[in-house]
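Below are the chains, spelled out letter by letter.
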Amino acid sequence: MTTFLHKYKTARHFIYELLHTPEIESKLERYVRLLIMFLIIASIISVILETVEEIEASFSAFLYFFEVVTVIIFSIEYILRVWSIVDDPLYSQPVIGRIKYIFSFMALVDFFAVFPFYLPSIISVDLRFLRGLRLFRLFRIFKMGRYSASLNMISRVVSSKKHDIAVTLVVLSIVLIIASSLMYFIEHDAQPNAFPSIPATLWWGIATLTTVGYGDVYPITAAGKICASLIAILGIGLFALPSGILVTGFIDEMHSQKSKQTCPHCGKEIE
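The shown structure was predicted, so the numbers you read here are calculated from the model rather than taken from an experiment.

Undergrad: Which parts of the structure should I look at to understand the overall build of the chain?
TA: Counting its secondary structure elements, the chain contains 13 helices and zero strands. Ordered by position from N to C terminus, the α and β elements of the chain give α-α-α-α-α-α-α-α-α-α-α-α-α. Residue burial in the chain is summarised as follows: out of 271 residues, 34% are buried. In the chain, 60% of the contacts between residues at least 6 apart in sequence involve partners at least 24 apart. Approximately 17200 Å² of the chain is accessible, and the part contributed by carbon and sulfur atoms is 70%.

Undergrad: Help me understand the pattern of salt bridges, please; the structure alone is not making it clear to me.
TA: All told, the structure shown has three salt bridges when counted by the stated rule. Linking R12 and D87 is a salt bridge whose minimum nitrogen-to-oxygen distance equals 2.7 Å. Taken as a pair, R12 in helix 2 (residues 11–19) and D87 in the loop between helix 4 (53–84) and helix 5 (96–102) lie far apart in primary sequence, 75 residues in all. Residue R12 is classed as partly exposed on the basis of its relative accessible area of 30%. One salt bridge connects K161 with D252, and the closest N-O pair in it is separated by 3.7 Å. Linking K161 in the loop between helix 9 (149–160) and helix 10 (162–187) with D252 in helix 13 (residues 240–259), this pair joins segments that are 91 residues apart in sequence.

Undergrad: Just to check I follow, could you spell out the environment of Q257 for this structure?
TA: Its place among the elements puts Q257 in helix 13. Those residues in contact with Q257 that lie beyond four places of it in its chain are M153 and R156.

Undergrad: Quick question: what am I supposed to make of helix 6 (residues 105–122) here?
TA: A turn of α-helix holds 3.6 residues, and therefore any two residues three or four places apart point the same way. With 18 residues, helix 6 extends 24 Å between its outermost C-alpha atoms, agreeing within 8% with the 26 Å of an ideal straight helix rising 1.5 Å per residue. At F115, helix 6 shows its largest kink, close to 45°, and the proline P116 lies no more than four residues downstream. Buried residues of helix 6: A107, V109, D110, A113, V114, P116 and L119, and no others.

Undergrad: What is the right way to look at the packing of aromatic side chains in this model?
TA: Centre-to-centre distance and the angle between the planes together describe a pair of aromatic rings. One pass over the structure, following the stated rule, counts nine aromatic pairs. When the centroid spacing of 6.4 Å and the interplanar angle of 65° are considered together, the rings of F195 and W204 count as edge-to-face. Each member of the pair, F195 together with W204, is buried. An aromatic cluster is present here, built from Y78, F111, F112 and F115 joined pairwise through their rings.

Undergrad: I'm lost on a nonpolar patch on the surface in this one. Help?
TA: On the surface, V95, I96, I99 and F103 cluster together to form a nonpolar patch covering roughly 440 Å² of accessible area. Counting through the fold element by element, F103 comes out in the loop between helix 5 and helix 6. Its relative accessible area of 61% is what places F103 among the exposed residues.

Undergrad: Explain the environment of V47 to me, please; I cannot follow it from the model alone.
TA: Checked against the element boundaries, V47 lands in helix 3 (residues 27–50). The buried category is assigned to V47, whose relative accessible area is 6%. In this structure, the C-alpha to C-alpha distance between V47 and L63, residues 16 residues apart in sequence, is 8.8 Å.

Undergrad: Can you help me understand the packing of helix 2 against helix 4 in this one?
TA: What describes two packed helices is the angle between their axes and the distance between those same axes. Running from N to C, helix 2 and helix 4 point in directions that differ by 120°, and their axes come no closer than 9 Å. As the angle between them shows, helix 2 and helix 4 are arranged oblique. Crossing angle aside, the handedness with which helix 2 passes helix 4 is left-handed. Where helix 2 abuts helix 4, its residues A11, R12, I15, Y16 and L19 lie against E77, L80, R81, W83 and S84. Residues that form the contact of helix 2 with helix 4 fall into these classes: six nonpolar, one polar and three charged.

So, how was this worked out
Residues numbered from 1 in each chain as written. Predicted model: local features only at pLDDT ≥ 70, side-chain atom pairs only at ≥ 80, totals over all residues. Heavy atoms only, no water. Helix = DSSP H or I, 4+ residues; strand = E, 2+ residues; numbered from the N terminus. Buried < 20%, exposed > 50% of the residue type's maximum accessible area, 1.4 Å probe, protein only. Contact = heavy atoms within 4.5 Å. Areas by Shrake-Rupley, 256 points an atom, 1.4 Å probe, with all protein chains shown as cover. Salt bridge = Lys/Arg side-chain N within 4 Å of Asp/Glu carboxyl O. Expected span 1.5 Å × (residues − 1). Bend = angle between axes of the 7 residues up to and from the residue. Phe/Tyr/Trp six-rings, centres within 6.5 Å; stacked < 30°, edge-to-face > 60°. Patch = residues over 30% accessible without salt bridge, like charges linked within 9 Å, V, L, I, M, F, W, Y side chains within 5 Å. Axes fitted to C-alpha atoms, helices over the stretch in contact; angles between N-to-C directions. Parallel < 35°, antiparallel > 145°, perpendicular 65-115°, else oblique. Left-handed = near helix turned anticlockwise from the far one by under 90°. Nonpolar A, V, L, I, M, F, W, Y, C, P; charged D, E, K, R; others polar.

Below you can see the structure in the form of structure tokens.
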């Protein structure tokens, strides 16, 4: 007990360290996070399996029981997270801090992971609408970001390169609009049904620039074929830009991780 009080100031601080901090310093923290990770993966699998009519008919009772268990655990986790978050300096104010945390992205993910289960008991919901709400349970896949180092790395890379990615997306959007407009004016007279308008031609532009080319819409005029060939070649280079940015981000992140020194006893970074 003395060791516990020395390490954790209060029970709330213990819960904060258990659920919020990325470092794993004890077997209990490891087991709790492995349990939650297992439940997240298992619940996502159950949502997918529910869409198979044969499985739903044969195991509906078990799937519902498992859903109840996971919702109870995730609800307790959500409440404990909101309760203990005030130990974080960013959310230290008891009321305003908790409200601020509740509307953060990860807290909203936690909320929508359990909210569809409780809604029918609060208000009357149409069956078709309820089926749509049940898909919100797939939000649980984002909860894995807290417990997966790989997903955390992806999040950091995207965050560090977000401005570069935004610029690339703007360039891609401009090229897409120009390519689709050009193809519309070339092919509209020859194929009014295939290229009825510029917005409709955007489908062809996306399929061509991504080099997918479904073949449902294609040019038949000589000018259209030449233009489409150039656009397809241009698409190979353009869509390599975001890939290059992300690869560079991953390399920088891995070099950054390797350069960090950690304490062999507690695992925390040495300043």
